[in-house]
Amino acid sequence: SADCIYDEQIHLTNSSIQKDYQLQHSHPVRMAGAAGGDNKVRLTWLFRRLEGLGGIDTKLLWNQIKELCLKTLQVVDGTIPPQPNSFEIFGFDVIITDGLKPLLIEVNACPALARDSDLDADVKEALIRDTIALVDPPAIDRKALSRICKQRLGGKRGGSLEED
């Protein structure tokens, strides 16, 4: 609202900066209770709150956010070099206008995965689990790999994962 225009804290989106401020009683994190942590709230809590404000279609809003992220990736598709033996997680910062239009603020190529709160731990550990499941890395015989690495570091020739 116009009353908040001069409140520096309300305009900050970087959680690394926001954590230095004392949260006001009306901050969404205070209202969210266990669904909040540091200066963040669960998306599910935010969507329930939006739905309670007057029937906001959060499924449509979520689809628009996903579409925004997909279009952003399509725009830069040819500029991101392929990495056949790796993957990357991107962090999308999105703001929602009063008219419920999602707007892209920035894309982080290396989003912070530090867990500064219980909420961070829940969300980021689930992200890591889901990412690993999606990537589906092949199973590795760790003992064979260890043996081969020791052989190679010790100057011995030979040793391959296929031999075992």
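Just above, that's the structure.
This structure is a prediction, so every number in the text was calculated from the model and none was measured.

Tracing the backbone shows threonine 58 in helix H5 (residues 58-75). On the basis of relative accessibility, which here comes to 5%, the residue threonine 58 falls in the buried class. Side-chain polar atoms of threonine 58 contact the side chain of glutamate 51, separated by 2.4 Å.

A few words on the nonpolar core. Core analysis: the largest hydrophobic core is formed by six residues, namely Phe47, Leu50, Ile56, Leu61, Ile65 and Cys69. Taken together, the elements giving at least two residues each to this core come down to helix H4 (43-52) and H5. A total of three residues in this core trace back to one element, the largest contributor, which is H5.

Below, the discussion takes up the pairing of strand E4 (residues 102-108). Bridging between strand E3 (residues 91-96) and E4 involves six bridges; their strand directions are antiparallel. Bridge pairing links aspartate 93 to glutamate 106 in E4. A loop of five residues connects E3 with E4, the two strands running antiparallel in sequence, and leucine 100 in this loop sits at a positive phi of about 65°.

The grouping of Phe87, Leu113, Leu127, Ile128, Ile132, Leu134 and Val135 at the surface amounts to a nonpolar patch, some 600 Å² of accessible area in total. In this structure, isoleucine 132 sits in helix H6 (residues 118-135).

This part takes up the packing of H4 against H5. Orientation of H4 relative to H5, taken along the N-to-C sense of each, is 135°, at an axis distance of 10 Å. The orientation of H4 relative to H5 falls into the category oblique. Residues Leu43, Phe47, Leu50 and Glu51 of H4 touch H5, and the partners they reach there are Thr58, Leu61 and Trp62. Taken together, the residues of the contact of H4 with H5 break down into five nonpolar, one polar and one charged.

Another aspect to go through is the pattern of salt bridges. Scanning the entire structure with this criterion turns up five salt bridges. The partner of lysine 71 in a salt bridge is glutamate 67, with the nearest N and O atoms 4.0 Å apart. With lysine 71 and glutamate 67 both in helix H5 and four residues apart, the pair spans about one turn of that helix. Given the relative accessible area of 47%, lysine 71 is considered partly exposed.

A few words on unusual backbone geometry. Backbone geometry at leucine 100 places phi at a positive 65°, although glycine is not the residue there. Assignment of secondary structure puts leucine 100 in the loop between E3 and E4. According to the relative accessible area criterion, leucine 100 is partly exposed, its value standing at 29%. Positive phi values are uncommon outside glycine, yet aspartate 136 reaches one of about 50°.

Glancing now at the packing of aromatic side chains. Two aromatic rings are characterised by how far apart their centres lie and by the angle between their planes. In the structure shown here, the tally under the stated rule is one aromatic pair. Pairing phenylalanine 47 with tryptophan 62 gives two aromatic rings, centres 6.2 Å apart and planes at 70°, and the pair type is edge-to-face. Taken together, the residues phenylalanine 47 in helix H4 and tryptophan 62 in helix H5 connect sequence positions 15 residues apart. A relative accessible area of 35% means that tryptophan 62 is categorised as partly exposed.

Cut-off values and rules
- Residues numbered from 1 in each chain as written.
- Predicted model: local features only at pLDDT ≥ 70, side-chain atom pairs only at ≥ 80, totals over all residues.
- Heavy atoms only, no water.
- Helix = DSSP H or I, 4+ residues; strand = E, 2+ residues; numbered from the N terminus.
- Buried < 20%, exposed > 50% of the residue type's maximum accessible area, 1.4 Å probe, protein only.
- Polar contact = N/O pair within 3.5 Å; in protein donor to acceptor, adjacent residues only side chain to side chain.
- Core = buried A, V, L, I, M, F, W, Y, C linked by side-chain atoms within 4.5 Å.
- Pairing = 2+ DSSP bridges.
- Patch = residues over 30% accessible without salt bridge, like charges linked within 9 Å, V, L, I, M, F, W, Y side chains within 5 Å.
- Areas by Shrake-Rupley, 256 points an atom, 1.4 Å probe, with all protein chains shown as cover.
- Salt bridge = Lys/Arg side-chain N within 4 Å of Asp/Glu carboxyl O.
- Axes fitted to C-alpha atoms, helices over the stretch in contact; angles between N-to-C directions.
- Parallel < 35°, antiparallel > 145°, perpendicular 65-115°, else oblique.
- Contact = heavy atoms within 4.5 Å.
- Nonpolar A, V, L, I, M, F, W, Y, C, P; charged D, E, K, R; others polar.
- Phe/Tyr/Trp six-rings, centres within 6.5 Å; stacked < 30°, edge-to-face > 60°.

By themselves, these figures tell us nothing about what the structure is for.
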